[in-house]
Amino acid sequence: MAGLELLYNSVIDSVASPQDALLCFVHWEIIRHGYKCLGTGDQQGINDRRSELLPADWNESRELYTLRYESNDSKAQLLVKAITVDSSVIFNVMRSGSDQVADMTVSLSDYVNCDRLHDFDRVFKNTEELGGRVQSAILSSGPGSRSGSGKGKEPAKSCNKSLQDEDPFRIPARTPARQPGWAEPMNPFAAGGADLDPFGGRPGGMIMDPLRAGFPRSGLDPSAGIPMRLPPGAVPPGARFDPFGPVGRPGPDPDHMPPPGYDDMFM
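An unreviewed UniProt entry lists the protein chain under the name Proteasome inhibitor PI31 subunit, with Polyodon spathula as the source organism. Taken from UniProt, the Function (unreviewed entry) comment for the protein chain reads in full: "Plays an important role in control of proteasome function. Inhibits the hydrolysis of protein and peptide substrates by the 20S proteasome. Also inhibits the activation of the proteasome by the proteasome regulatory proteins PA700 and PA28." Per UniProt, the comment on the protein chain under Sequence similarities (unreviewed entry) is "Belongs to the proteasome inhibitor PI31 family."

So this is what it looks like as structure tokens:
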């Protein structure tokens, strides 16, 4: 924790709340990972200067802290905002020149002894854990970080991407989903077996499905429609469907032919 004690003692007279002490720790973590503080506020000011110390007006508002930082190589800038919510502080960090935003929520009682604000030896607790959270949540993905695990900018979107793919008002074409694979039972009288053994992983239920009764299938997908009979989408994808009439069966249907000798009065 070399350097933190000097920093804290330089502002100890103005530390009046646990969130003040917490911000000092987070500021020190950012500084020791290769940044300098430029000042307060969202915009650049005429009095901005690169420094390891906290600016004079750093805790004018104990509800919202706003600090700006720049990396030592001047390639990266951070806008750090800390908002006090009940007994917690929410840190929000935005990196200039990119879309990267990081956030972290810290409970004050976990890392700050509220009754020891003016005693550096006892004001902080669980410092290793807090330092690790600051590095992983705020600093690990930023340029200029010494952790070496940062992520670069997201690749730019292709300029050849059609506007149709990005139009939020475009209604996608409806493509009936194919029915998932269903093992064909060898026994045509196996309908209802799944109801007798619901945990056995067997498909089907009490309803007899002619398309899955063990007989050869015609490859018909009823959700795609049946010419001259059903329009596409009339049968929901995956629904059980009992085809009416001869569907894909070559030749006459034996059920449509009269039985032999049907006109014999003696039969």
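A.B. asks: Mind laying out the sheet that holds strand β4 (residues 88-95), listing which residues take part and the relevant values?
C.D. replies: With antiparallel pairing, five strands are arranged side by side in an open sheet as β1-β2-β3-β4-β5. Edge positions in the sheet fall to β1 (35-40) and β5 (101-107), since each has one partner strand and no second. Taken pair by pair, the neighbouring strands of this sheet meet at an average axis angle of 25°, ignoring direction. When β4 meets β5, the two strands line up antiparallel, connected through seven bridges. Paired with V93 across the two strands is A102, which belongs to β5. Contacts from helix α5 (residues 127-139) reach β1, β3 (77-85), β4 and β5 within the one sheet, and its direction differs from that of β5 by about 155°.

A.B. asks: Break down the packing of helix α2 (residues 18-32) against α5 for me, with residues and values.
C.D. replies: For the pair α2 and α5, the least separation of the axes is 10 Å and the interaxial angle reads 60°. In this view, α2 runs oblique relative to α5, as classed from their interaxial angle. Both α2 and α5 take part in a crossing whose hand is right-handed. Contacts between α2 and α5 involve L22, F25, V26, E29, I30 and R32 on the former and, on the latter, T127, L130, G131, V134, Q135 and L139. Partitioning the contact of α2 with α5 into residue classes produces seven nonpolar, three polar and two charged.

A.B. asks: Can you break down the confidence of the model for the protein chain residue by residue, with the values?
C.D. replies: Counting all residues, the mean pLDDT for the protein chain is 74, and 57% of those residues have values of 70 or more. Of all helices and strands in the protein chain, the one with the weakest mean pLDDT is helix α6 (residues 163-166) (52), whereas α2 scores best (95). Under a pLDDT of 50 for its full length, residues 178-182 has, in the predicted model, eight contacts with residues more than four places off or in other chains.

A.B. asks: Lay out unusual backbone geometry with the relevant residues and their values.
C.D. replies: If you check the backbone angles, S74 has positive phi at about 60° while not being a glycine. Structurally, S74 is set in the loop between β2 (64-71) and β3. S74 gets classed as partly exposed once you look at its relative accessible area, which sits at 47%. In this model, N126 sits at a positive phi of 55°, which is unusual for a non-glycine residue.

Basis of the calculations
Residues numbered from 1 in each chain as written. Predicted model: local features only at pLDDT ≥ 70, side-chain atom pairs only at ≥ 80, totals over all residues. Heavy atoms only, no water. UniProt positions renumbered as here; feature names shortened; annotations may be inferred. Pairing = 2+ DSSP bridges. Helix = DSSP H or I, 4+ residues; strand = E, 2+ residues; numbered from the N terminus. Axes fitted to C-alpha atoms, helices over the stretch in contact; angles between N-to-C directions. Contact = heavy atoms within 4.5 Å. Parallel < 35°, antiparallel > 145°, perpendicular 65-115°, else oblique. Left-handed = near helix turned anticlockwise from the far one by under 90°. Nonpolar A, V, L, I, M, F, W, Y, C, P; charged D, E, K, R; others polar. pLDDT = per-residue confidence, 0-100. Buried < 20%, exposed > 50% of the residue type's maximum accessible area, 1.4 Å probe, protein only.

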